[in-house]
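# A closer look at the structure
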Amino acid sequence: MQGIPQITPAEGFILIETILAENPETGVLIAQNQPTSLKGKVLAIGKDTFYPNTNIPYKCPVKVDDVVIHSAMGFETVKIVYINYRLCPINKILAIYAT
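Residues numbered from 1 in each chain as written. Predicted model: local features only at pLDDT ≥ 70, side-chain atom pairs only at ≥ 80, totals over all residues. Heavy atoms only, no water.

### Focus: the overall build of the chain
In terms of helices and strands, the chain carries zero helices and ten strands. In the chain, the succession of helices and strands from N to C terminus is β-β-β-β-β-β-β-β-β-β. Per-residue burial over the chain gives 29% buried out of 99 residues. Excluding contacts between residues fewer than 6 apart, the proportion of contacts in the chain whose partners are at least 24 apart in sequence is 63%. (Helix = DSSP H or I, 4+ residues; strand = E, 2+ residues; numbered from the N terminus. Buried < 20%, exposed > 50% of the residue type's maximum accessible area, 1.4 Å probe, protein only. Contact = heavy atoms within 4.5 Å.)

So, in structure tokens, the structure goes:
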């Protein structure tokens, strides 16, 4: 990564850097472009949000530098200096890789 972009995600969103997948047959790094869950590294986190129609807080389940799997639906791609990032709602996080 060349440097963390100066982006502060909106409430309920996180900024994710795309992690490339390695094809085990060829050893070639490939971008994950299939319509399945995606992998990325958390770079920034917006403020916590609330469950719809309530005042119950919805806490962000991740922290900066976590590697996560998130849904392939419902995120926005942002391109900054030739690098693709994703702004993903915190409720689209499916799993956190153990470190």
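This is not the end of the story, as more comes after the structure.
### Notes on the pattern of salt bridges
What the rule picks out here adds up to three salt bridges. For Lys41, the salt bridge goes to Asp65, with nearest N and O atoms at 3.7 Å. Taken together, the residues Lys41 in strand β4 (residues 38-45) and Asp65 in the loop between β6 (57-58) and β7 (67-70) connect sequence positions 24 residues apart. Between Lys63 and Asp66 there is a salt bridge, and its shortest N-O distance comes to 3.1 Å. (Salt bridge = Lys/Arg side-chain N within 4 Å of Asp/Glu carboxyl O.)

### Concerning the pairing of β4
The pairing of strand β1 (residues 13-18) with β4 spans five bridges and is antiparallel. Bridging from a neighbouring strand, Leu15 pairs with Ala44 of β4. (Pairing = 2+ DSSP bridges.)

### Regarding the sheet that holds β7
With antiparallel pairing, six strands are arranged side by side in an open sheet as β8-β9-β1-β4-β7-β10. Single-partner strands in this sheet number two, and they are β8 (76-80) and β10 (93-96). Here the strands of the sheet are splayed against their neighbours by 40° on average, with no regard to which way each runs. (Axes fitted to C-alpha atoms, helices over the stretch in contact; angles between N-to-C directions.)

### Overview of the nonpolar core
In this structure, Ile14, Ile16, Leu38, Val42, Cys60, Val62, Val68, Phe75, Cys88, Ile90 and Ile93 together form the largest nonpolar core, which totals eleven residues. Elements with a contribution of two residues or more to this core: β1 and β4. In this structure Cys88 touches Gly12, Phe13, Ile14, Ile16, His70 and Phe75, once residues within four positions along its chain are discounted. In this structure, Leu15, Leu43, Ala44 and Tyr85 belong to the second largest nonpolar core, which totals five residues. (Core = buried A, V, L, I, M, F, W, Y, C linked by side-chain atoms within 4.5 Å.)

### Topic: the packing of aromatic side chains
This model, assessed by the stated rule, comprises one aromatic pair. Above the plane of the ring of Tyr97 lies Lys39, whose end atom (NZ or CZ) is 4.5 Å from the centre. Over the ring of Phe75 we find Arg86, and its NZ or CZ is 5.4 Å from the ring centre. (Phe/Tyr/Trp six-rings, centres within 6.5 Å; stacked < 30°, edge-to-face > 60°. Lys NZ or Arg CZ within 6 Å of the ring centre and 35° of its normal.)

### Things to note about the pairing of β7
Going residue by residue along β7, you find Val68 and His70 tucked away on one face and Val67 and Ile69 left uncovered on the opposite face. Two elements, β4 and β7, share four bridges in a ladder whose sense is antiparallel. Directly across from Gly40, in β7, lies its bridge partner Val68. In this structure, β7 lies alongside β10, joined through three bridges in antiparallel fashion.

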